[in-house]
Each structure stands twice: as C-alpha cells, then as structure tokens.
Amino acid sequence: MADWDPDQYDRFKEQRAQPFWDLVELVHRGAIERAVDLGCGSGDMTVAVADRLGIHHLTGIDNSPAMLEAASQHGRVAVSFVYGDIARWTSDADHDLVLANAALHWVPDHVAVLERWVGALAPEGQLAIQVPANHDHPSYLASAHVASQEPFASAFGGEPPPDPVAANVLAPERYATVLHELGLAEPHVRLQVYPHVMQSAEAVVEWTKGTSLMRFFKRLPPEMHDPFVDAYREEVVARLGLAEPYFFTFKRILMWGRMHG
Ligand SMILES: C[S@@+](CC[C@H](N)C(=O)[O-])C[C@H]1O[C@@H](n2cnc3c(N)ncnc32)[C@H](O)[C@@H]1O
C-alpha cells in the first residue's frame, strides 16, 4: 500500500508553512508544559513550534511509518514522536496545547473527534487546528472525475475513494458552534484564502500528488499510478487552462479555542 512520501509533500513546504505559522500566531503565549502535535508528519514543524512557543514537552503523533521515520531525524529533548491514530487520540485533561495542522480532515466524525481532543485539555489549555477547505476547487474536482473514468473506475470496483475534505470537513460556523458547545471560551474560527502563484496549472498536479492523490495511489496497483497522474494532468489543464503563471487559490479553516481556567 502506498504510504506518504515526505519528499513529495515537502516540495511546497514554503506555501504550506504559512498557514501553520498563522495558526501558531493564534496560540496565546505563556507557559506550555505539555503539548501534542496531531498528524505531525515529517516533524520539522513540530520541532520548530516547540522552539517558537518554548514548549517543555511536545509529542508528535502520526500513523505513517514513512513520516515517523523522517521525524525521527529530529531528535530533541523537548520533542518526541510516537505512532498513534489521531481519530481515537485523547488524554486525561493534562495538555496545555493540542495542535493539529493539515491533519484533522483525514479522519471522519469531527464532532466526536473534537470532543476527545478537547477532553485532553487542562484548564486554560488551548486547541489550535487548521484544515484545508478547497475541495470545490476545479483541480480537486478533476481528480474525482478521472477516478470515475475507465480504466480507473473498474480498478476502484466502481467506488473511487471519496475526497476526505469534502466528506469530513465542516463549515466554519459549524466548527465555531462545536467549539462553543464543548466549553471553549471565545472560539476563533476563520476561513482564509491563501494565494499561490504557481508556474503553471501543471504545477498544481505536483502539489496534489503529495496529498489528495494519495487516496487514489493507496487503492490503485503501482503500474496504474503514472497513467492516473497523466490523465489527471490532462484534466487539470483542460479545467485550469494554460495561463503562466497560474494563480492557485487555496481555502483553509483556522480555528482556536481555550478551556476556562
Ligand atoms: C498533510 S500531512 C500534515 C503534516 C504536518 N502536520 C504539517 O503540517 O506539515 C497529514 C499527516 O496526518 C497524518 N495522518 C492522517 N491520518 C492520520 C491518523 N488517523 N492518525 C495519525 N496520523 C494521521 C498523515 O500520516 C500525515 O503525516
């Protein structure tokens, strides 16, 4: 089965770093003894945020062996990395910060997951989450279309994997309500459009190869990966055009909340 490819994911590191640091900006400064980075990926952001916020102990949790292998290169006293499923993760009201950047959308049932994550917060503990919300962009609709065409449709048994963002991510106002109902004070939830000037529409293919196309690679035999990417590239160019550079708009939801003291 195809695992995450940290190198492919990191090709757009700079563009992906901006929302991460915007999220970190939402975290109120002060002593952070114990924190967790859920869906930490290759770990470089985990280490960077531990330094930026002066976190005493930060645990990065991920269920990708390749990502954890990359993360293990960042040995630090204050930071550790462990295998775990963020969909089930919780803890006993003992964390000052629960952080999850670009990870929550991979799991379903956000109301129940958020309840478990909020249950891990100590009094005055903070929750900070960023999820993509770009599932209606033509580049994302293009991959779903290609997956519904032959020969891929048959390879998926007529049921291509759904886009997790479309299936799992809630509306911003719903997240605000859920955070309020879970007892977080003054929840801050916003939809932000990140502007990315890409060399061309084809560059968007390289971007999605590292993330949203993973769901197709996990289900397709290896010899169908390249033909899938080729058909997708063709569809992307047909939908986005040949303009150079290509202006790629990317919507994301950032959310923050704090437990009462
Ligand atoms: C898009 S990457 C984000 C990585 C990192 N947070 C960042 O901002 O660069 C999503 C990460 O979530 C992890 N992930 C997805 N579903 C997961 C699950 N159920 N349990 C643990 N990790 C998961 C993936 O393995 C991947 O490393």
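Please refer to the structure higher up on the page.
Please read all numbers here as calculations on a predicted model, not as lab measurements. (Residues numbered from 1 in each chain as written. Predicted model: local features only at pLDDT ≥ 70, side-chain atom pairs only at ≥ 80, totals over all residues. Heavy atoms only, no water.)

J.: Can you walk me through the overall build of the protein in this structure?
T.: A tally of helices and strands in the protein yields 12 helices and seven strands. Computed over C-alpha atoms, the radius of gyration of the protein comes to 19 Å, within 12% of the 18 Å expected from 2.2 N^0.38 for 261 residues, which places it in the range of a compact globule. In terms of overall dimensions, the protein has a C-alpha envelope of 55 × 40 × 35 Å along the principal axes. Counting the 261 residues in the protein, one finds 50% classified as buried. Residue pairs at least 24 apart in sequence account for 79% of intrachain contacts in the protein once pairs closer than 6 positions are excluded. About 11700 Å² of surface is accessible on the protein, with carbon and sulfur atoms providing 52% of the total. Taken as two groups, the 20 positive and 35 negative side-chain charges of the protein have centres that lie 2 Å from each other. (Helix = DSSP H or I, 4+ residues; strand = E, 2+ residues; numbered from the N terminus. Rg over C-alpha atoms; globule rule 2.2 N^0.38 Å. Buried < 20%, exposed > 50% of the residue type's maximum accessible area, 1.4 Å probe, protein only. Contact = heavy atoms within 4.5 Å. Areas by Shrake-Rupley, 256 points an atom, 1.4 Å probe, with all protein chains shown as cover. Lys, Arg positive; Asp, Glu negative; His and termini not counted. Charge placed at Lys NZ, Arg CZ, Asp CG, Glu CD.)

J.: Help me out: how do you make sense of the pattern of salt bridges in this one?
T.: Two side chains that carry opposite charge are able to pair once their charged atoms sit near each other. Counted according to the given criterion, the structure contains eight salt bridges. One salt bridge connects Arg 29 with Glu 25, and the closest N-O pair in it is separated by 3.5 Å. Where salt bridges share partners, they join Glu 202, Asp 230 and Arg 233 into one cluster. (Salt bridge = Lys/Arg side-chain N within 4 Å of Asp/Glu carboxyl O.)

J.: How should the packing of aromatic side chains be read in this particular structure?
T.: Two aromatic rings are characterised by how far apart their centres lie and by the angle between their planes. Under the definition given, this model contains nine aromatic pairs. Between Phe 20 and Trp 21 the ring centres are 5.0 Å apart and the planes differ by 80°, which places this aromatic pair in the edge-to-face class. According to the relative accessible area criterion, Phe 20 is buried, its value standing at 1%. An angle of 35° between the planes, with centres 4.8 Å apart, marks the rings of Phe 216 and Phe 228 as tilted. On the criterion of sequence distance, the pair formed by Phe 216 in helix α11 (residues 214-219) and Phe 228 in helix α12 (residues 225-240) is long-range, its members being 12 residues apart. Members of the aromatic cluster, each reached through a chain of ring pairs, are Tyr 140, Trp 207, Tyr 246, Phe 248 and Phe 250. Over the ring of Trp 21 we find Arg 52, and its NZ or CZ is 4.0 Å from the ring centre. (Phe/Tyr/Trp six-rings, centres within 6.5 Å; stacked < 30°, edge-to-face > 60°. Lys NZ or Arg CZ within 6 Å of the ring centre and 35° of its normal.)

J.: Honestly, helix α2 (residues 13-26) in this entry has me stumped. Any pointers?
T.: Residues separated by three or four positions in an α-helix point in the same direction, a consequence of the helix having 3.6 residues per turn. The end-to-end C-alpha distance of α2, which contains 14 residues, comes to 20 Å, matching closely the 20 Å that a straight helix rising 1.5 Å per residue would cover. Within α2, burial applies to Arg 16, Ala 17, Pro 19, Phe 20, Asp 22, Leu 23, Val 24 and Leu 26. (Expected span 1.5 Å × (residues − 1).)

J.: Please explain the pairing of strand β4 (residues 95-101) as it appears in this structure.
T.: Regular strands have side chains that alternate between both faces of the sheet. The buried count for β4 comes to six of seven residues, which makes it a mostly enclosed element. With three bridges joining them, strand β1 (residues 34-38) and β4 adopt parallel strand pairing. When the sheet's bridge partners are listed, Ala 35 is paired in β4 with Leu 97. For β4 and strand β5 (residues 121-132), the ladder comprises six bridges, and the chain directions are parallel. In the strand pairing of β5, Val 98 is matched with Leu 127. (Pairing = 2+ DSSP bridges.)

J.: Honestly, the packing of helix α6 (residues 138-147) against α12 in this entry has me stumped. Any pointers?
T.: Geometry of a packed helix pair, given as the angle between the helix axes and the separation of the axes. Packing of α6 against α12 leaves a shortest axis separation of 9 Å and a crossing angle of 135°. Taken together, the axis directions place α6 and α12 in an arrangement best described as oblique. α12 is crossed by α6, and the crossing has right-handed handedness. Contact with α6, carried on its side by Pro 138, Ser 139, Leu 141, Ala 142, Ser 143, His 145, Val 146 and Ala 147, involves Phe 228, Ala 231, Tyr 232, Glu 235, Val 236, Arg 239 and Leu 240 of α12 and no other residues of that element. In terms of residue class, the contact of α6 with α12 is built from 10 nonpolar, three polar and two charged. (Axes fitted to C-alpha atoms, helices over the stretch in contact; angles between N-to-C directions. Parallel < 35°, antiparallel > 145°, perpendicular 65-115°, else oblique. Left-handed = near helix turned anticlockwise from the far one by under 90°. Nonpolar A, V, L, I, M, F, W, Y, C, P; charged D, E, K, R; others polar.)

J.: What exactly am I supposed to notice about the site of the ligand here?
T.: In the vicinity of the ligand lie 17 residues, with Gly 39, Asp 62, Asp 85, Ile 86 and Asn 101 positioned nearest. Here Gly 39 contributes a backbone N or O atom positioned 2.7 Å from a nitrogen atom of the ligand. The backbone of Gly 84 places a nitrogen or oxygen atom 3.4 Å from a nitrogen atom of the ligand. For the ligand, the accessible surface in isolation is 600 Å², of which the surrounding protein chains cover 93%. Residue composition of the shell around the ligand, by class: nine nonpolar, six polar and two charged. (Near = heavy atom within 4 Å. Polar contact = N/O pair within 3.5 Å; in protein donor to acceptor, adjacent residues only side chain to side chain.)

J.: Can you walk me through the pairing of β1 in this structure?
T.: Most of β1 sits out of view: four of its five residues are buried. With five bridges connecting them, β1 and strand β2 (residues 57-62) associate as parallel partners. The residue of β2 that forms the bridge with Leu 38 is Ile 61. Where the polypeptide runs from β1 across helix α3 (residues 44-53) and back to β2, its parallel neighbour, the crossover connection is right-handed. (Right-handed = clockwise from strand over helix to strand, strands pointing away.)

J.: So what exactly am I meant to see when it comes to the sheet that holds strand β7 (residues 246-259) here?
T.: Think of a sheet as strands paired side by side through backbone hydrogen bonds, with each pair either parallel or antiparallel. A sheet is described by the order of its strands in space; here seven strands give the open sequence β3-β2-β1-β4-β5-β7-β6, paired in mixed fashion. Single-partner strands in this sheet number two, and they are β3 (79-83) and β6 (184-198). Neighbour-to-neighbour, the strand axes of this sheet turn through a mean angle of 15°, independent of strand direction. Of the strand pairs in this sheet, β5 and β7 are connected by seven bridges, and their pairing is antiparallel. Bridging from a neighbouring strand, Ile 129 pairs with Met 255 of β7.

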